[in-house]
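# Fold and contact review
Each chain is listed here by its residues.
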Amino acid sequence: MARWFPMIFKLALRNIVGNGWRSLINIFIIAAVLISLIWMEAMWYSWLVLARTEQKQWEFASGLLRSENYDPYDSFTWEKSYAPIPAEAVPHVASGDVVPILFAPGVIFPGGRQLSAMVKGIPAGQNVLKLPSSSLAGGERGPVPALIGTGMAKTTKLKAGDVFQLRLKDSAGAFRALELRVSEVMDCPVPSLDAGTVWVDLNALREARLLPDVATVLVLRDRSLQSISAPRYELITEKEFFADLNEMVMTKAVGQAFLFVLMIFLAMLAIYDTQALAIFKRRKEIGMLSALGMTKGQITRLFTLEGALYMLFACVVTLVMGFPLFWYFAVKGFSLPGDANFGMVGFDRPLLFVYPLPLILFTLVLMFILTAFVSWLPVRRIASLNVMESLKGGRNA
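So, here is what we can say about the structure in this document. The model shown is predicted, which means the values in this text are computed figures rather than measured ones.

### Some points on the pairing of strand β4 (residues 115-122)
Taking burial as the measure, the eight residues of β4 include six buried ones, the bulk of the element. As paired elements, strand β3 (residues 98-109) and β4 share seven bridges and run antiparallel to each other. Considered in β4, the bridge of G106 is made with A117. Between β3 and β4, which pair antiparallel one after the other, the connecting turn spans five residues, and G111 there sits at a positive phi close to 60°. With five bridges joining them, β4 and strand β8 (residues 197-201) adopt parallel strand pairing. By the bridge assignment, G121 is partnered in β8 with V200.

### Thoughts on the layout of surface pockets
In this model, the largest pocket occupies a volume close to 1,000 Å³. When residues of the lining of the largest pocket are traced back to their parent elements, those giving at least two are α2 (21-60), β1 (64-67), β3, β4, β8, β10 (217-220), α6 (238-241) and α7 (243-281). Of the residues that constitute the lining of the largest pocket, the class distribution is 26 nonpolar, five polar and five charged.

### Here we look at the packing of α2 against helix α9 (residues 296-331)
As a packed pair, α2 and α9 sit with axes 8 Å apart at the nearest point and diverge in direction by 45°. Accordingly, the angle class assigned to the pair α2 and α9 is oblique. Judged by the twist between their axes, the crossing of α2 over α9 is right-handed. Contacts from S23, N26, I27, F28, I30, A31, L34, I35, I38 and W39 in α2 reach Y310, M311, F313, A314, C315, V317, T318, M321, G322, L325, F326 and F329 in α9. Of the residues in the contact of α2 with α9, the class split is 18 nonpolar, four polar and no charged.

### Describing helix α5 (residues 202-209)
Among all positions in α5, only L202, L205, R206, A208 and R209 are buried. Looking straight down α5, one finds its buried side chains confined to an arc of 165°; they lie on one side. Every exposed residue of α5 that faces more than 90 degrees away from the buried side is listed here: N203 and E207. Buried-residue contacts for α5 involve β3, β4, β6 (163-169), β7 (175-186), β8 and β9 (214-215). Where α5 begins, one side-chain oxygen reaches toward the backbone nitrogen of N203, 3.3 Å away; that side chain belongs to D201. Count one or two residues on from α5 and you reach L210, which has phi positive near 60°.

### Side note on the pattern of salt bridges
Across all of its chains, the model carries five salt bridges by this definition. Close ionic contact of E238 with K56 constitutes a salt bridge, the shortest N to O distance being 3.1 Å. Of the two residues, E238 sits in helix α6 while K56 sits in helix α2, which places them 182 residues apart along the sequence. A relative accessible area of 24% means that E238 is categorised as partly exposed. The exposure class assigned to K56 is partly exposed, which follows from its relative accessible area of 30%. Across the salt bridge formed by R66 and E234, the nearest N and O atoms sit 3.8 Å from each other. Remark: E234 occurs in strand β11 (residues 233-236) and R66 occurs in strand β1; sequence separation between them is 168 residues. For R66, a relative accessible area of 22% translates into the label partly exposed. Via salt bridges that share partners, K56, R223 and E238 belong to a single interconnected network.

### Some words on the side chain of T318
With respect to the secondary-structure elements, T318 resides in helix α9. Relative accessible area serves as the criterion here: at 6%, T318 is assigned to the buried category. In this structure the side chain of T318 is engaged in a polar contact, spanning 2.7 Å, whose partner is the backbone oxygen of A314. With residues up to four places along the chain from it excluded, the contact list for T318 reads A31, L34, I35, I38, F323 and F326.

### Quick look at the packing of α2 against helix α10 (residues 357-376)
Two elements in contact, α2 and α10, have axes whose closest approach is 10 Å; the angle formed by their N-to-C orientations is 150°. One way to sum up the angle between α2 and α10 is to call them roughly antiparallel. Seen along the crossing, α2 lies across α10 with a hand that is right-handed. On the side of α2, the interface is formed by I30, V33, L34, L37, I38 and E41, while α10 contributes L359, I360, T363, L364 and M367.

### A closer look at the nonpolar core
One finds I30, I101, W199 and V219 to be the most contacted residues of the largest nonpolar core, which totals 67 residues. Of all the secondary structure elements, the ones that give two or more residues to this core are α1 (5-18), α2, β3, β4, β10, α7, α9 and α10. Examining the composition of this core, we find that 14 residues originate from one element, α2, more than from any other. For I101, the contacting residues outside a window of four places in its chain are K120, G121, I122, L129, W199, A215, T216, V217 and V219. Residues A104, I108, M152 and V198 belong to the second largest nonpolar core, which totals 24 residues.

### Quick look at α10
Taking 1.5 Å per residue as the helical rise, α10 with its 20 residues ought to reach 28 Å, and the 29 Å between its terminal C-alpha atoms agrees with that figure. What α10 keeps buried is the set I360, T363, M367, T371, V374 and S375. Within α10, the buried residues cover an arc of 95° as seen down the axis, which keeps them to one side. Turned more than 90 degrees away from the buried face of α10, the exposed residues are P358, F362 and I369.

Cut-offs and rules
Residues numbered from 1 in each chain as written. Predicted model: local features only at pLDDT ≥ 70, side-chain atom pairs only at ≥ 80, totals over all residues. Heavy atoms only, no water. Buried < 20%, exposed > 50% of the residue type's maximum accessible area, 1.4 Å probe, protein only. Helix = DSSP H or I, 4+ residues; strand = E, 2+ residues; numbered from the N terminus. Pairing = 2+ DSSP bridges. 1 Å grid on protein atoms, 1.4 Å probe; cavity = no way out; pocket = protein on both sides within 12 Å on 5 of 7 lines; lining within 4 Å. Points joined across faces, edges and corners; volume = space filled by probe spheres on them. Nonpolar A, V, L, I, M, F, W, Y, C, P; charged D, E, K, R; others polar. Axes fitted to C-alpha atoms, helices over the stretch in contact; angles between N-to-C directions. Parallel < 35°, antiparallel > 145°, perpendicular 65-115°, else oblique. Left-handed = near helix turned anticlockwise from the far one by under 90°. Contact = heavy atoms within 4.5 Å. Arc of directions from axis to C-beta. Polar contact = N/O pair within 3.5 Å; in protein donor to acceptor, adjacent residues only side chain to side chain. Salt bridge = Lys/Arg side-chain N within 4 Å of Asp/Glu carboxyl O. Core = buried A, V, L, I, M, F, W, Y, C linked by side-chain atoms within 4.5 Å. Expected span 1.5 Å × (residues − 1).

See below:
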């Protein structure tokens, strides 16, 4: 095998060059498929990494303790969705390692209009979450400072400095009214913290609802705090918190896998067609190689190597043609048209691509294996070729 390999390699290379534009078409088809596969893999991988990172920084930190009275899917439970802060958590709240957040459904009146909103109270001095809650400080006299996201600002047509009214119920069931002033419009990448949400200082919301020392959610700075004894709270682990995100990714992966298979099939079809045509057109060459002493196995490896070389040249073309595209999306990012983000984390701004090297290498290895296999399929019939008929170029060879 080692003695024949240099000659087989030279013959395979000569045959690819001799095919001219047919070889170029095959190489560019495979390169286009590779560029598309790498681009799609990078987009989904980058979005998944960004979504997890942003939600951890803005909403989850290292864990959540959530009041067992709160059901995010049942709005009728929201008014009673609180519980006293556990005694074991009080020192950690005082040190800032645990951030209590209180939820309260309410109605806001921006510009004379009436809109439902979820009011969330968070300590102004917290530094566990990336939420810019420092703008909620003050307000002892005058309107209570409020924080809203860019999405909520578009919905309510509010901007920094605007004053609006809030109506909510206290713990006794009586309606209370507050005057709020937009202290900041934050650029929040997590839609669940923006859409229909108004943030105020925790003490101001507790005072309005007549509920001292209660919370709906306790955000934990470190995982070690997950062991806190909290009788009326349930621990939300990272697996549970990201369950919806993972389910959505799996659903999208099915459609993406179908597209991957379709694109790979088209590339392999081009290789198969080329090799099948080569077997038909090069019958005399095959007969001559057999007459010169090459075994049918060596001839089979020759055609299989040709297919592998198509893939190798396609990788080079992918690197040359795809690098500017890959660099652009890594530096400039990918943006959805208009203001559409489909309620998904991270798509409200350009998504900077991160290229997963192990996944890309796996794709390249898979394409090499498939290319070699598809190149081998049409040359199996070499074993049944008649050498004399091949030299004559007969159809029955």
